[in-house]
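# Understanding the architecture of this molecule
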Amino acid sequence: MSSKSSVKQGTIHHCDYLIIGSGAAGLMAAHRLAAHGQVCLVNKVDVTDSNTWQAQGGIAGAIVDKHDSIAAHIEDTVQAGAGLCHEDVVREIVASGHQIIDELLTLGTPFDQENGKLHLTREGGHAYRRIAHVQDSTGKAIGETLFKHVHEHPHVRCFRRHMVVDLITSQKLGIHQQNNRCLGAYILSPQGDVFTIAAKHVILATGGAGKVYRYTSNPHAATGDGIAMAWRAGCPVMNLEFMQFHPTCLYNPNGSTTLLTEALRGEGAYLVDKRNRRFAFDYDKRGELAPRDIVARAIDHEIKKSGDDCMYLDVQHLGKEKILSQFPNIHRRLLSIGIDMCEQHVPVVPAAHYMCGGVQTTVAGETNIDCLFVIGESACTGLHGANRLASNSLLECLVMADRCVALICQTDVSFANVSIPAWDSSGVVPEQERVQIKQNWDEIRAIMSNYVGIVRSSERLRRARRRLVLIHEEIASYYWQHPLSRSLLELRNLALLAELMIRSAQQRHESRGLHYTTDYPNLSKTAKDTILLPQGDNL
Ligand SMILES: Cc1cc2nc3c(=O)[nH]c(=O)nc-3n(C[C@H](O)[C@H](O)[C@H](O)COP(=O)(O)OP(=O)(O)OC[C@H]3O[C@@H](n4cnc5c(N)ncnc54)[C@H](O)[C@@H]3O)c2cc1C
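Residues numbered from 1 in each chain as written. Predicted model: local features only at pLDDT ≥ 70, side-chain atom pairs only at ≥ 80, totals over all residues. Heavy atoms only, no water.

Across its full length, the chain carries 15 helices and 22 strands. Its C-alpha atoms put the chain at 65 × 55 × 50 Å along the principal axes. When each of the 539 residues of the chain is scored for burial, the buried share is 58%. Intrachain contacts of the chain at a sequence separation of at least 6 include 73% that bridge at least 24 residues. Counting only carbon and sulfur atoms, one obtains 48% of the accessible surface of the chain, whose full area is about 21800 Å². Averaged over its 55 positive side-chain charges, the chain has a centre that lies 2 Å from the centre of its 57 negative ones. (Helix = DSSP H or I, 4+ residues; strand = E, 2+ residues; numbered from the N terminus. Buried < 20%, exposed > 50% of the residue type's maximum accessible area, 1.4 Å probe, protein only. Contact = heavy atoms within 4.5 Å. Areas by Shrake-Rupley, 256 points an atom, 1.4 Å probe, with all protein chains shown as cover. Lys, Arg positive; Asp, Glu negative; His and termini not counted. Charge placed at Lys NZ, Arg CZ, Asp CG, Glu CD.)

With that settled, the discussion passes to unusual backbone geometry. Even without glycine at this site, R161 takes up a positive phi of about 55°. Secondary-structure assignment places R161 in the loop between β8 (156–160) and β9 (163–169). If you check the backbone angles, C371 has positive phi at about 65° while not being a glycine.

Bringing the sheet that holds strand β14 (residues 270–272) into the picture now. Here we have four strands laid out as an open sheet, ordered β13-β16-β15-β14, and antiparallel in their pairing. With one partner strand each, in any of the chains shown, β13 (243–250) and β14 form the two edges of the open sheet. Looking at each pair of strands side by side, their axes are set apart by 45° on average, direction ignored. Of the strands in this sheet, β13, β14, β15 (311–314) and β16 (346–355) touch helix α9 (residues 292–306), which is tilted by about 65° from β13. (Pairing = 2+ DSSP bridges. Axes fitted to C-alpha atoms, helices over the stretch in contact; angles between N-to-C directions.)

Attention shifts here to the pairing of β16. Of all the 10 residues making up β16, 10 are buried; the element is thus mostly covered by neighbouring parts of the structure. Where β15 and β16 come together, three bridges link them in antiparallel fashion. Bridge pairing in β16 places M311 opposite V348.

Let's shift gears to the pattern of salt bridges. Throughout the structure, instances matching the rule amount to 32 salt bridges. In this structure, the salt-bridge partner of E288 is R278, at a minimum N-O distance of 2.8 Å. Residue E288 is located in the loop between β14 and α9, and its partner R278 is located in the loop between β14 and α9; the two are separated by 10 residues in the primary sequence. The class of R278 is partly exposed, set by a relative accessible area of 35%. As a salt-bridge pair, R403 and D402 come within 2.6 Å of each other at their nearest N and O atoms. (Salt bridge = Lys/Arg side-chain N within 4 Å of Asp/Glu carboxyl O.)

Any link to function would need more than the numbers given here.
Put into structure tokens, the structure is as follows:
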């Protein structure tokens with residue numbers, strides 16, 4: 001994706017639809033809306049640098065098996081969600097699975113086939129084989145397919161490596177209309193200029209927030225920008241305490257990490273500590289094959305108890321032949337950093353993987369602000385409840401984009417008759433050093449990993465919040481005094497998100513799904529969403 005021309009500081013650009021983010025959700029929305037008007041598609045990095053491109057397993061919802069049914073998929077989703085799924089939302093999204101997969105096929109997604117039919121795979125928590133996939137890189141294949149349709153479309157203007165700074169709303173401009181309306185956004189260009197895109201409709205599709213933790217399976221872009229921007233604009237957020245951790249990510253403190261698929265444990269890999277002791281059976285009689293959250297808690301506990309940096313996955317006994325035939329990509333990736341999994345243990349840590357909470361929306365992405373929609377991982381519809389069922393998230397992204405576009409196309413909206421001021425950078429002085437940004441970033445991730453990780457307590461949450469308040473203040477003063485940069489904007493968003501996650505966790509006086517606290521180890525009788533309202537909070 002390339003921006004077709006650069007835009008200068010202070011200029012204003014108009015379009016019908018401003019879409020922020022080019023993962024599955026943003027690309028699908030752009031593809032559909034291009035038929036109805038001018039689209040600006042903004043992406044802060046390269047198109048491949050999104051959670052979508054990382055998705056391996058597949059997309060759930062291909063109900064073609066004679067044993068399976070929509071009802072069974074709903075049941076599995078609700079079961080995983082630990083009493084917090086919104087069943088009307090689950091029904092709507094799950095029932096659309098087949099239609100979405102058909103559309104992806106029509107657009108050219110090369111889903112794996114067997115005997116002329118979709119090849120369906122099965123994942124943890126699913127009672128049946130119902131996951132359509134493209135080998136072990138489904139997200140990339142879906143993203144490439146959608147991108148091909150969007151990229152050269154004459155109605156789509158792509159702004160690659162442009163970062164959205166903040167949303168512009170009537171309320172922020174001091175215009176007192178009956179409803180708060182979103183008018184567009186301020187955008188930071190790669191050259192450091194800030195310009196305006198004014199739009200009739202704005203769609204946030206900015207993905208997850210794994211970067212709030214030290215170890216994550218998410219790429220660098222996952223800093224929760226959309227959730228932070230929507231909050232600052234006045235949107236409530238929901239269930240942010242539910243961060244899903246993947247039990248086994250490569251521990252690689254000096255480089256990038258990678259997911260070590262559950263299939264390795266499915267095929268018989270052991271989890272061991274430094275002394276080669278298998279420990280998974282100490283926590284659950286299913287050992288290494290217990291559900292994700294139990295295995296993640298077991299590894300976390302062993303790490304905390306021993307003071308070691310990581311635990312290990314041992315696959316050597318599977319034999320070289322099996323490893324090379326079933327896991328060639330992982331084998332190659334590990335070899336590239338000097339680990340031969342056929343002859344060595346692989347160091348692993350649990351890592352932040354999927355944000356179940358987000359901006360409170362309907363399935364169509366509607367928020368409480370007129371003309372502002374949030375779709376994909378940044379949104380919280382109630383589909384996942386307190387824990388996400390594997391492979392339901394790509395489905396949610398695409399169904400939300402579908403419903404969002406349908407709703408927008410039914411609405412007759414004209415440009416707001418207001419003058420939007422250019423971004424004001426007066427009073428900004430060149431920064432002397434950037435070490436503070438890096439320092440704050442590292443601190444936030446350490447605080448979240450140490451105090452707001454897989455196992456929480458009231459005291460740990462209090463400590464984390466006290467520290468976050470200080471960091472928040474430092475960033476707030478730094479933000480208004482120094483030139484904008486991508487890392488400063490991300491830091492500001494990350495700090496806000498961390499604080500919102502802690503506040504959400506503090507409100508939940510029970511252990512449910514992905515939220516486990518030693519002070520309230522049991523389930524409450526009634527299941528309730530955690531909803532935070534932004535009034536008065538305005539970093
Ligand atoms: C390793 C891994 C494996 C996974 N496997 C699966 C799976 O098998 N099946 C499944 O269903 N789900 C899976 N998931 C989850 C799924 O991939 C994501 O939930 C989904 O892709 C999110 O899509 P999205 O469009 O909401 O966001 P993303 O794909 O993350 O896209 C977000 C976009 O927003 C842009 N952006 C963010 N902030 C800004 C800003 N301020 N300005 C401009 N642009 C911005 C980013 O650059 C990016 O383009 C996996 C996730 C990971 C990390």
